[in-house]
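Chain residues, written in single-letter form:
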Amino acid sequence: MRSDAVISIRDVTHYFGRRRVLDQVSLDVPRGSVFAFLGRNGSGKTTMIRIMLGLLEPTRGGTRVLGDDGRRISPETRARIGYMSESHALYDWMTVEQLGAYQATFYARWNQRIFDSVVGHFRLNRETKAGSLSRGERAGLSLAITLAPEPELLVLDDPALGLDPVARRALLESMLYVTRAADRTIFFSSHLLDDVERVADHLAILDRSVLRASCSVDAFRSSISQFRLQFAACSVPPNLPPIRGMLHARTATDALWLTIARPDDETQRVLHSLGAPIVDEVPLNFADALTGYLGERDVRGSFLGGVA
Amino acid sequence: MSLAIVVHPGSTVPIYRQIVEQVCAAAIAGRLRDDEALPSVRALAEQLVVNPNTVARAYAELSRDGIIEARSGRGMYLSERRRIYSGPERARRMEQAVSTFVSEAFVLGYEPDEIVEHVARRVKAARKGGHR
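In this report, the structure presented in the accompanying data block is examined.

### Details of the interface of chain B and chain A
Many authors give the size of an interface as the accessible area that is lost as the parts come together.
Working step 1: Counting from both sides, the interface comprises 13 residues of chain B and, opposite them, 18 residues of chain A.
Working step 2: When residues of the side of chain B that touches chain A are traced back to their parent elements, those giving at least two are helix 2 (41-48) and helix 3 (52-64) of chain B.
Working step 3: Grouping the amino acids of the side of chain B that touches chain A by side-chain chemistry returns 7 nonpolar, 5 polar and 1 charged.

### What to know about helix 3 (residues 96-104) of chain A
Residues and elements named next belong to chain A.
Working step 1: Turning to helix 3, its buried residues are Val-96, Leu-99, Gly-100 and Gln-103. Taken around the axis of helix 3, the buried residues stretch over an arc of 100 degrees, which confines them to a single face.
Working step 2: Contacts from the buried residues of helix 3 go to helix 4 (112-121) and helix 5 (135-147).

### Brief notes about the packing of helix 3 of chain A against helix 5 of chain A
Residues and elements named next belong to chain A.
Working step 1: Relative orientation of the contacting elements helix 3 and helix 5 amounts to 25 degrees, with a least axis distance of 10 Å. Looking at the two axes, helix 3 sits roughly parallel to helix 5. Considering how the two elements wind past one another, helix 3 and helix 5 form a crossing that is right-handed. Between helix 3, through Val-96, Leu-99, Gly-100 and Gln-103, and helix 5, the contact on the second element is made entirely by Leu-141, Ala-144 and Ile-145.
Working step 2: Here the residues of the contact of helix 3 with helix 5 are counted per class, giving 5 nonpolar, 2 polar and no charged.

Definitions and cut-offs
Along each chain, the written sequence defines residue order, and numbers are assigned to residues from 1. All chains are assigned letters beginning at A, and all ligands numbers beginning at 1, according to the order in which they are written. Local features in this predicted model are restricted to residues whose pLDDT is 70 or higher, and side-chain atom pairs enter the listing and the counts only when it is 80 or higher, whereas totals over whole chains, interfaces and linings include all residues. With C-beta atoms placed from the backbone, a contact is any residue pair whose C-beta atoms sit within 7 Å. The way it works is that DSSP assigns letters per residue, a run of H or I at least four long becomes a helix, a run of E at least two long becomes a strand, and they are numbered from the N terminus. Classification used: nonpolar for Ala, Val, Leu, Ile, Met, Phe, Trp, Tyr, Cys and Pro, charged for Asp, Glu, Lys and Arg, polar for all others including Gly. The exposure label follows from counting other C-beta atoms within 10 Å of a residue's C-beta, where the C-beta atoms are placed from the backbone and the thresholds are 20 or more for buried and 12 or fewer for exposed, leaving partly exposed in between. This arc corresponds to the set of directions leading from the helix axis out to the C-beta atoms. Angles here are taken between N-to-C directions and fall from 0 to 180 degrees, while the axes themselves are lines fitted to C-alpha atoms, restricted in helices to the stretch in contact. Here the word oblique covers every angle except those under 35 degrees (roughly parallel), over 145 (roughly antiparallel) and from 65 to 115 (roughly perpendicular). Here is the rule for handedness: rotate from the far helix to the near one, and if that takes an anticlockwise turn smaller than a right angle the crossing is left-handed, while a clockwise turn gives right-handed.

These figures capture arrangement, not role.
What follows is the structure in structure tokens.
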């Protein structure tokens, strides 16, 4: 277990009835990181987050959060964690102002300046009742309440869900604001890869209950390559042999586009043996690199777990 | 500020690289003066809405390549004696520039001797003009 990890997950397996939703997931979240938790809907992200926070006991395996066993998180430790769920549960009959004042009573530490600044960032009217706020405004208020106690560890479950571009930007700015203080960690799930590329420095990918990558964003990007195999006009590209690290294959007219994790000399040899007159490496963007994990795959890929 | 950096997520070029390239471009075009400090890592990260580590990495590469340097207590500036590109990248860019120029000259129907003569004259003129 790494000592600089604020969250450690070890071999967590979880069943809902007979359905396995998490399969031997192990993960470390380094202190001070902005950690993106990626995966398609239904891949088990929310379940993992709930287990991580001790809200749900895993069928097997263990977690540690800020040094505490996930099954027995002390109230003191809990006060150092800020959690924003997908649903933004708020008292609808309270105004923005009242909710701030009400929430403040629960925390020993409550920074009103942060609350005010997030509320301002999302352009919320302080006299509006929570029940009349739009989805994006609710998220803003929810975020203000989560950030004001200055949590050491911030866990955001799909905070960008349903936000318009202005609110999304306000969210990103608020997240970066948190990182001003050293040692603050943000763990968030998202589907917005452009936003992830902006703010995250680490990522993990959960795919159908299995963790398929957990590393720095830079390491992830540099480990994934895309190749174009250009065949002669009107020829049919051959069937692909098994290729180690293969993530995604796409057939275009006369060409094969392959996304491959950590290609090496052997990969090059296989690619050049397929009879394509042109084999070249084509740069790919962050979303392309993730397609092999988040989209449908033609071929089951290998794990990237070894990337530090 | 004369250094207007814009980043585009979703590009095939990572964000830190986009920053590196734009600082280089600004230096070449003279849009960044020698006595003008670059924004701090924190300030640029907030301006671009990107992770501060991304800006820090860009600045680290720029200083490693000798393009910018820290002046004690006053932030990052363009290096006194900078080479905008170093090593293989410098050679590659030169190769590219020369090859474009030579093909153009051939298309225009110039003979090899004439091309060399033109280049020599131009280099001489640039020297007089105080170009580096």
